[in-house]
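So the chains spell out like this:
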Amino acid sequence: MNKEKLLLWTLAAINFIHIVDFMILMPLGPQLMRIFDISPREFGLLVSCYTFSAGISSFFGAFVLDRFDRKKILVWVYIGFAISTLGCALSPSYPVLLAARVISGIFGGLTSALILAIIGDVIPDSRRGRAMGLVMAAFSVASVLGVPLGLFLASLSDWHTPFFLLTGLSVLSLGMIIKYIPNITEHLKNEIVRPNPLLVIRRVTSDSNQMRAITLSVMMMFGQFMIIPFLSPYTVANVGFTELQLTYIYMAGGAFTIFTSPWVGKLSDKYGKQKIFIIFMLLNLIPIAIITHLGVTPIPFVLMISTMFFVTSNGRYVPAAAIVTGTAKPENRGSFLSFNSAVQQLATGVATLLAGIIIGENAAGELTNYNVVGYIAIAFSLLCIPLALRIKVVS
């Protein structure tokens, strides 16, 4: 296996752990809401606090990431991530878990930005779609292996167990970072005066192309994260699944996207990233419309629709990530992607909080107004299409 593949597999492993760390809380929703006796709004805060802190850390990271060797800063950030994940595992109550999630988000946000910056620095645009497809396949593996395994372990013991497992995996992947990721310093060799925070903000906001890319990221988050955090609680409360049966949704969706994610990356390089993005964005509207209107439904039909949701959601993200990454030049890529990650994470938090406010709970314990959330998500998704067509890739 050549050095580029080892690097990409290492980034995929990091992405896998980071994604499971974020995702595992959502399917654990029914269990956490029962154990801590919390409302949909309080659960929404538990999910969104991670993304808010990730957004804030990414924002401040935008001012320093391009000043250092990518490998060195990734090592330090990932050590912090491993320690904070252990903090989640040891949390005895809702307030303590809330605080631990905030700290996890701080390091998780920087990890996401660094992964994209490293891909942008090392992989040329002609192969970047494939590289994004491979690294983003971590989402699929997280869905088919990580999250179901976490849910299974939680059902055998309690919700703390998945976080202990993630802590152990974080330590192993830290070794992979040290061994397989080279020192990346090319961006430091360009003779450029590093701007202060205000200049970073001004540079991004004055670039209309980059602002369109950031706006696309925001719209995409609203189109997805008004739906995703409450998918598990809704499926249990309204559709009739047990907490253990939730694993079927993630296993089925993840199993398909493991294969479709790299395939979408190849299609993006061959036929154009914007064209493939639009196709999958339109296809994604179908499962959103159906999922948010389900009542008690047979398992096979739910799995078919939820799998389509996973495949099309992932399918629109792979080309979008390549489009957004390509709007920045190497010497400024880290700061731009961190800034973008900050806005993206904050948008995710706002979308989750907004959905938590709209969604209610009736006397029977069923969630209400999920269909309203679906309509809003569809509207934001449609707005992404004309926006994506106006973004130009410069590197």
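Model, not experiment: these values are computed from the prediction.

## Description of the overall build of the protein chain
Summing up its helical and strand segments, the protein chain has 16 helices and two strands in all. Computed over the C-alpha atoms, the radius of gyration of the protein chain is 20 Å, within 12% of the 21 Å expected from 2.2 N^0.38 for a compact globule of 395 residues. Across its three principal axes, the protein chain shows a C-alpha extent of roughly 65 × 45 × 45 Å. The buried share of the protein chain, reckoned over its 395 residues, is 59%. Look at the contacts in the protein chain between residues 6 or more apart in sequence, and 85% of them connect residues 24 or more apart. Total accessible area computed for the protein chain in this model is approximately 15,300 Å², and 70% of it derives from carbon and sulfur atoms. In the protein chain, 27 side chains carry a positive charge and 17 a negative one; their mean positions are 11 Å apart.

## Here's the deal with the nonpolar core
Leu-11, Ile-119, Phe-163 and Phe-277 are the most contacted members of the largest nonpolar core, which has 120 residues in total. A total of twelve residues in this core trace back to one element, the largest contributor, which is helix 5 (residues 94–122). When residues are assigned to domains, this core turns out to be shared by domain 1 (1–194) and domain 2 (195–394), each giving three or more. Every residue in contact with Phe-163, bar those within four places of it in the chain, is listed here: Asp-21, Ile-24, Leu-25, Leu-28, Thr-85, Cys-88, Ala-89 and Arg-101.

## Describing the domain arrangement of the protein chain
Each assigned domain of the protein chain is listed here: domain 1 (1–194) and domain 2 (195–394). Each of domain 1 and domain 2 has a C-alpha centre, and these two points are 17 Å apart. The interface of domain 1 with domain 2 comprises 62 residues on the first partner and 60 residues on the second. Between domain 1 and domain 2 lies a buried interface of about 4,800 Å² when both sides are counted; carbon and sulfur atoms form 70% of it.

## Comments concerning the pattern of salt bridges
Counted under the stated rule, the structure contains two salt bridges. The salt bridge involving Asp-21 is made with Arg-101; its shortest N-O contact spans 3.4 Å. One end of the pair, Asp-21, is in helix 1 (residues 3–23); the other, Arg-101, is in helix 5, with 80 residues separating them in the sequence. The burial state of Asp-21 is the same as that of Arg-101; both residues are buried. For Asp-269, the salt bridge is made with Lys-273, and the minimal N-O distance between the two is 3.6 Å. The class of Lys-273 is buried, set by a relative accessible area of 14%.

## Quick notes on the packing of helix 13 (residues 273–291) against helix 16 (residues 370–389)
Interaxial distance between helix 13 and helix 16 falls to 10 Å at its minimum, and their mutual angle equals 170 degrees. In this view, helix 13 runs roughly antiparallel relative to helix 16, as classed from their interaxial angle. Taken together, the residues of helix 16 that come into contact with helix 13 (itself represented by Gln-274, Phe-277, Ile-278, Met-281, Leu-282, Leu-285, Ile-288, Ala-289 and Ile-291) are Tyr-370, Gly-374, Ala-377, Ile-378, Ser-381, Leu-382, Cys-384, Ile-385, Ala-388 and Leu-389. Grouping the constituent residues of the contact of helix 13 with helix 16 by class yields 16 nonpolar, three polar and no charged.

## Focus: helix 10 (residues 208–224)
Over its 17 residues, helix 10 extends 25 Å from the first C-alpha to the last, a length consistent with the 24 Å expected when each residue adds 1.5 Å. Between a side-chain oxygen at the N-terminus of helix 10 and the backbone nitrogen of Asn-209 the separation is 3.0 Å; the capping residue is Asp-207.

## Describing the packing of aromatic side chains
Applying the stated criterion to the full structure yields twelve aromatic pairs. Judged by centre distance (6.2 Å) and plane angle (80 degrees), the rings of Trp-159 and Phe-163 are edge-to-face. Trp-159 gets classed as buried once you look at its relative accessible area, which sits at 3%. Classification of Phe-163 by relative accessible area gives buried; the value is 0%. Each residue in the set Phe-36, Tyr-94, Trp-159 and Phe-163 is aromatic and connected to the rest through ring pairs, giving one cluster.

## Considerations on the packing of helix 4 (residues 70–89) against helix 7 (residues 161–180)
Interaxial distance between helix 4 and helix 7 falls to 8 Å at its minimum, and their mutual angle equals 170 degrees. Relative to helix 7, the element helix 4 is oriented roughly antiparallel. Crossing of helix 4 over helix 7 shows left-handed handedness. Between helix 4, through Lys-71, Leu-74, Val-75, Tyr-78, Ile-79, Phe-81, Ala-82, Thr-85, Leu-86, Cys-88 and Ala-89, and helix 7, the contact on the second element is made entirely by Phe-163, Phe-164, Leu-166, Thr-167, Ser-170, Ser-173, Leu-174, Ile-177 and Ile-178. Looking at side-chain class alone, the contact of helix 4 with helix 7 contains 15 nonpolar, four polar and one charged residues.

## Examining the state of the cysteines
In a disulfide, the sulfur atoms of two cysteines are covalently bonded to one another. In total, this model carries zero disulfides according to the counting rule given. Take Cys-49: it sits in no disulfide, and the sulfur closest to it among the cysteines is that of Cys-88, at 8.7 Å. Given a relative accessible area of 0%, Cys-88 falls into the buried group.

## Regarding a nonpolar patch on the surface
Together, Leu-149, Phe-152, Leu-156, Leu-165 and Leu-244 line one region of the surface with nonpolar side chains, adding up to about 460 Å² of accessible area. Here the nonpolar patch takes three residues from helix 6 (residues 125–156), the largest share from any one element. Residue position: Leu-149 is located in helix 6. Residue classification places Leu-149 among the partly exposed positions, given a relative accessible area of 40%.

## Remarks on the side chain of Thr-257
Relative to the helices and strands, Thr-257 is located in helix 12 (residues 246–271). Residue Thr-257 is classed as buried on the basis of its relative accessible area of 0%. At 3.0 Å, the side chain of Thr-257 and the backbone oxygen of Gly-253 are in polar contact.

Criteria and thresholds
- Residues numbered from 1 in each chain as written.
- Predicted model: local features only at pLDDT ≥ 70, side-chain atom pairs only at ≥ 80, totals over all residues.
- Heavy atoms only, no water.
- Helix = DSSP H or I, 4+ residues; strand = E, 2+ residues; numbered from the N terminus.
- Rg over C-alpha atoms; globule rule 2.2 N^0.38 Å.
- Buried < 20%, exposed > 50% of the residue type's maximum accessible area, 1.4 Å probe, protein only.
- Contact = heavy atoms within 4.5 Å.
- Areas by Shrake-Rupley, 256 points an atom, 1.4 Å probe, with all protein chains shown as cover.
- Lys, Arg positive; Asp, Glu negative; His and termini not counted.
- Charge placed at Lys NZ, Arg CZ, Asp CG, Glu CD.
- Core = buried A, V, L, I, M, F, W, Y, C linked by side-chain atoms within 4.5 Å.
- Domains from an automatic or database assignment.
- Buried area = accessible area lost by both parts, 1.4 Å probe.
- Salt bridge = Lys/Arg side-chain N within 4 Å of Asp/Glu carboxyl O.
- Axes fitted to C-alpha atoms, helices over the stretch in contact; angles between N-to-C directions.
- Parallel < 35°, antiparallel > 145°, perpendicular 65-115°, else oblique.
- Nonpolar A, V, L, I, M, F, W, Y, C, P; charged D, E, K, R; others polar.
- Expected span 1.5 Å × (residues − 1).
- Polar contact = N/O pair within 3.5 Å; in protein donor to acceptor, adjacent residues only side chain to side chain.
- Phe/Tyr/Trp six-rings, centres within 6.5 Å; stacked < 30°, edge-to-face > 60°.
- Left-handed = near helix turned anticlockwise from the far one by under 90°.
- Disulfide = S-S within 2.5 Å.
- Patch = residues over 30% accessible without salt bridge, like charges linked within 9 Å, V, L, I, M, F, W, Y side chains within 5 Å.

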